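So you can see what is in the structure, the chains are spelled out below.
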Amino acid sequence: MTGPITGPAGVRLEGVELRHVSLPLVAPFRTSFGTQTTRDLLLLRVVTDRAEGWGECVVMASPLYSSEYVAGAADVLRRFLVPALAAADVRSAVEVGPALAAIKGHRMAKAALEMGLLDAELRAAGRSFGRELGAVRERVPCGVSVGIMDSIPALLDAVGGYLAEGYVRIKLKIEPGWDVEPVRAVREKHGDDVLLQVAANTAYTLADASHLARLHPFDLLLIEQPLEEEDVLGHADLARLIRTPVCLDESIVSAQSAAAAIRLGACSIVNIKPGRVGGYLEARRIHDVCAAHGVPVWCGGMLETGLGRAANVALAALPGFTLPGDTSASGRYYRTDVTEPFVLEDGQLAVPRGPGLGVTPIPDRLEAVTTAVEWIPATTA
Ligand code: OSB
Ligand code: MG
C-alpha cells in the first residue's frame, strides 16, 4: 500500500477566507434528485504562516445528494471547524481529521479544510498532491457522467459528442422511466465496445430488482447506488439478484463503511469522492481497503472547479483506481473555470506536477464568479 502522509515542515493556520462562488453550467445537469443549471459551492483560501492553500467544499445549494448544503457548510466551518483547528493548533493536514473528530458529520466541510491545509503545506514544501497521495500515473483516463435528457435523440447526440471528444467511458444517469430504453438506444447507436455504466442516485427499491435485471443484456460495467444511502443490506440482496455489478457512492462515507459494505457483499466496486468521505486522506484509506479486498475503485466527481479537479486527478492516479472516473475536462462543466482549464488529451487528463494542487485560481475569474467573501480568523477566543 501507499505510505503514510507525513506533515512536511508544519504550517500555522492564520485563518480561512470563505468564498461563495456560483458558476453557470454549460448545460443543465439532470439526475434523479433534480436539475442543476449553476454550480454553487464554497472555495476556501487557507492562509498559513508559510503558504496559502485552496480547498473546495463540494456541497450543493440544497441537501439533495447528501445532507450537507452550502449555507450549512459555511455555518459549521465558521462556528465549529475553523475554531476547532485553531484550538488544536494543527500544523499539518494529517492532524485535521483527529482535531475535528468530536464534531459529527459535515464531511464535505471537513474535507475542504483538510484539502486547503494540505495544499498550503505541500506548496510550502514544494511537493505535489500526486506525489504525496501516491500517484503512479502521469495521466488518467476519463469518463463522463451524462444527465437525464428530454428525449432519446437528445441523449444519443450528447453521448456521440462526448465519444467524439475522446471520453473513454460513458455513465448514464437513470431513474424509473429512464433506464432500459436509454441504455438500449446508446448500445444500438454507439455499439458494444463503449464502456458503459449507469447511476441511479438512490432512485430504486429492492422491489425493482426484476426490472433492473432487464439491464443484463447490455453488458454494463456497473450500476451505481441504486438504493437508498443507508440500505447497505438491500444492496447486498440486490447484488445477488442482478448480474450487473453493484457500485456504491452515497453509502460509502468512510473506510469503515467501505469495509462493512464489502464484507456484506453490498458492492463489488466503489466510487470514491473525497468530499463525501471527509477528505483526500480518508479517500486514500478507502482506496487501500478496497485494494486489499481486490475491489476496484474509481474517482467520482461533484462538478468540481479546477481546484477540486486537480486533486481528484491526482487521487485517480493511485494504483487501485482501475476504472475511468468522472474526472471530465473543465469544458464539460464550465465555459470558464476558475483555474486554467483541464483539457482532454487522448481521453485523459494530465496529473498536475507543480507544488500542492499545481493549479491556482486566476484572480479575475475567481472575482467574476464570487458572490460573497467572509474571513474566518483562526482564533480560539
Ligand atoms: O452521483 O456521482 C454522482 C454530480 C453531483 C452529485 C452526484 C453525482 C454527480 C455526477 C457528476 O455524477 C460527476 C462529475 O462529473 O463531476
Ligand atoms: Mg453517484
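Before reading further, recall that the structure is shown in the block above.
Let us look at the structure shown here. Please read all numbers here as calculations on a predicted model, not as lab measurements.

In this section: the side chain of R332. With respect to the element layout, R332 can be found in the loop between α11 (306-316) and β12 (348-350). An unpaired buried charge is present at R332: no salt bridge exists, and D326, the closest side chain of opposite charge, is 7.9 Å distant. If we ignore the near neighbours within four places in the chain, the residues touching R332 are V26, F29, V144, S145, Y162 and Y167.

On to the pattern of salt bridges, then. Under the criterion given, the structure shown has 22 salt bridges. Taking the shortest distance from any N to any O, the salt bridge between D249 and R276 comes out at 2.5 Å. Note that D249 is positioned in the loop between β9 (246-248) and α9 (255-264) and R276 in the loop between β10 (269-272) and α10 (280-292), a separation of 27 residues in sequence. Each member of the pair, D249 as well as R276, carries the same accessibility label: buried. Residues joined in a network through salt bridges with shared partners are E17, R19, R45, E52 and E367.

Time to look at the sheet that holds strand β1 (residues 13-31). Strand order across the open sheet formed by four strands is β3-β2-β1-β13, with antiparallel pairing between neighbours. In this open sheet, the two edge strands, each paired with only one partner strand, are β3 (52-57) and β13 (370-377). Going across the sheet, the axis of each strand differs from the next one's by a mean of 25 degrees, ignoring polarity. Pairing of strand β2 (residues 34-48) with β3, which is carried by six bridges, proceeds in the antiparallel orientation. Within β3, the position partnered with L43 by the bridge is E56. Relative to β2, helix α1 (residues 70-88) is tilted by about 20 degrees, and along the sheet it contacts β1, β2, β3 and β13.

Before going further, it helps to examine α9. Buried residues of α9: A255, S257, A258, A261 and I262, and no others. Taken around the axis of α9, the buried residues stretch over an arc of 160 degrees, which confines them to a single face. Those residues of α9 that are exposed and aimed more than 90 degrees away from the buried face are Q256 and R263. Packed against the buried residues of α9 are α8 (232-241), β9 and α10. Directly after α9, the chain includes G265, whose backbone phi takes a positive value near 75 degrees.

This part takes up the environment of V253. By secondary structure assignment, the location of V253 is in the loop between β9 and α9. Taking the C-alpha atoms as reference points, V253 and A283, separated by 30 residues in sequence, lie 9.2 Å from one another. Those residues within four positions of V253 in sequence are excluded, and the remaining contacts are R107, R276 and V277.

Next up on the list: the site of ligand 1. Taken together, 15 residues lie around ligand 1, and K173, N201, K273, L303 and Y333 are the ones closest in. One of the side-chain nitrogen or oxygen atoms of N201 is found 2.7 Å away from an oxygen atom of ligand 1. Between Y333 and ligand 1, the recorded distance is 2.6 Å, taken from a side-chain N or O atom to an oxygen atom. Relative to its unbound accessible area of 390 Å², ligand 1 is 99% covered by the protein chains. A per-class count over the shell around ligand 1 returns six nonpolar, three polar and six charged.

The subject of this paragraph is the sheet that holds strand β5 (residues 143-146). Here seven strands make up an open sheet; going across it, the order is β5-β6-β7-β8-β9-β10-β11 and the pairing parallel. Of all strands in the sheet, those bounded by a partner on one side alone are β5 and β11 (297-299). Sheet topology places β9 next to β10; two bridges connect them, and they run parallel. Among the inter-strand pairings, L248 is bridged to a residue of β10, identified as V270. The strands that helix α6 (residues 180-190) touches are β6 (169-173) and β7 (195-199); relative to β7, the one it contacts most, it runs at about 170 degrees. Contacts from α10 reach β10 and β11 within the one sheet, and its direction differs from that of β10 by about 170 degrees.

Thresholds applied
- Residues numbered from 1 in each chain as written.
- Chains lettered and ligands numbered in written order.
- Predicted model: local features only at pLDDT ≥ 70, side-chain atom pairs only at ≥ 80, totals over all residues.
- Heavy atoms only, no water.
- Helix = DSSP H or I, 4+ residues; strand = E, 2+ residues; numbered from the N terminus.
- Buried < 20%, exposed > 50% of the residue type's maximum accessible area, 1.4 Å probe, protein only.
- Lys, Arg positive; Asp, Glu negative; His and termini not counted.
- Salt bridge = Lys/Arg side-chain N within 4 Å of Asp/Glu carboxyl O.
- Contact = heavy atoms within 4.5 Å.
- Pairing = 2+ DSSP bridges.
- Axes fitted to C-alpha atoms, helices over the stretch in contact; angles between N-to-C directions.
- Arc of directions from axis to C-beta.
- Near = heavy atom within 4 Å.
- Polar contact = N/O pair within 3.5 Å; in protein donor to acceptor, adjacent residues only side chain to side chain.
- Areas by Shrake-Rupley, 256 points an atom, 1.4 Å probe, with all protein chains shown as cover.
- Nonpolar A, V, L, I, M, F, W, Y, C, P; charged D, E, K, R; others polar.

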